[in-house]
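Survey of secondary and tertiary structure
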Amino acid sequence: MEAQVDRQLDSVFRPVRTGNAFEETVERILQAIKLGVVGHGDRLPAERDLAVRLNVSRETLREALRSLQQAGWVEARRGRYGGTFVTYRLPAPDVGELRRAARDLGAELEDALTLRLVLEVGAAELAARRELTESQQTYLRQRLADADGASPDEYRQCDSRFHLAIGELTGSPSLAAGIAEARIRLNDLLNAIPMLGRNIDHASDQHRAMTRAILAGDAAAARRATEEHLEATAALLRAFLG
C-alpha cells in the first residue's frame, strides 16, 4: 500500500527541469496541494526525500517552503512528529470562479478536455489488461471507498486521487504523470463546479463501474465506463459555462 502512495507522489513531485528551480519547485508543490495528493492537514514528504524527488538542492526547497508558508499554504511544525503540513483548504465551488478559469484557458479548454479523455480512457483500458496484484486491487478499492464516503468538502480531493490511482495502475510513470498534468490544466475548473448531490451520486456510480471493469480485467467495459464518466463531467462543465 505504501508503495502505491509513493507512486502517486511521484506523479506530481517530478524532477524540476526549467532554469528557475525555485519557481518550478513552488509550482510542483502547489500542484500537489491543489490536486489533493496532499490535502489539508497532510504532511509533505520529508525535506530530504522531497529534494531528491524534485532534483533540487535542500536550500532551494527550503526557500520554496518558506515562501509557501508565508503565503499560508503550509506550516512548519517542530518536534518528533513535526514536518511541513498543508494548511490550505480548497475554496467552495463557485460558478463565477468557474467562468473566470474558463476564460483563462480560452481556446485551450476543448484541447485540455480532449487530452484528459484520451489519456484517462486509455489508462483505464490498460489497467484492466494488466494482472494487478492483490495490493494494487486493494489500493483501487480504497480510493473508490474514499470517494464514496467523502463529505462534500472532501469529495474533490478524493475524486482526484481516484483518477490519479488508475494512471498509477498502468505501470507507466510517464502516463501517470501525463494524467496528472492534464488534470492540473483543468483543476481550477473541476474544483469550481458546484457540488450537486445528484451529480455526485451519478459520478460515484460511474466510478464503481470503472473499478468493477478494471478489477474484472474487462478492458472494453473499463474504456466505456471511463469515457461515459469523463464526457458527463465535460457536459456538466459546459452547462455551467452556458
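The rules behind each value
Residues numbered from 1 in each chain as written. Predicted model: local features only at pLDDT ≥ 70, side-chain atom pairs only at ≥ 80, totals over all residues. Heavy atoms only, no water. Salt bridge = Lys/Arg side-chain N within 4 Å of Asp/Glu carboxyl O. Helix = DSSP H or I, 4+ residues; strand = E, 2+ residues; numbered from the N terminus. Buried < 20%, exposed > 50% of the residue type's maximum accessible area, 1.4 Å probe, protein only. Phe/Tyr/Trp six-rings, centres within 6.5 Å; stacked < 30°, edge-to-face > 60°. Lys NZ or Arg CZ within 6 Å of the ring centre and 35° of its normal.

1. Digging into the pattern of salt bridges
Following the criterion strictly, the structure yields 20 salt bridges and no others. The salt bridge involving Glu-110 is made with Arg-238; its shortest N-O contact spans 2.9 Å. Here the residue Glu-110 occupies a position in helix H6 (residues 108-129), and Arg-238 occupies one in helix H11 (residues 219-241), the gap between them amounting to 128 residues. What makes Glu-110 partly exposed here is its relative accessible area of 39%. On the basis of relative accessible area, Arg-238 is assigned to the partly exposed category, the value being 37%. In this structure, Asp-146 engages Arg-143 in a salt bridge whose closest nitrogen and oxygen atoms are separated by 3.7 Å. Taken together, the positions of Asp-146 and Arg-143, both in helix H7 (residues 134-148) and three residues apart, correspond to about one turn of that helix. Asp-146 sits in the partly exposed class, given a relative accessible area of 26%. Owing to a relative accessible area of 11%, Arg-143 belongs among the buried residues under this scheme.

2. Notes on the packing of aromatic side chains
In this structure the tally under the stated criterion is one aromatic pair. Between Trp-73 and Tyr-88 the ring centres are 4.0 Å apart and the planes differ by 15°, which places this aromatic pair in the stacked class. Residue Trp-73 is located in the loop between helix H4 (58-70) and strand S1 (74-77), and its partner Tyr-88 is located in the loop between strand S2 (83-86) and helix H5 (95-105); the two are separated by 15 residues in the primary sequence. Looking at Trp-73, the relative accessible area reads 16%, which means it is buried. Between the NZ or CZ atom of Arg-77 and the centre of the ring of Phe-85, over which it lies, the distance is 4.0 Å.

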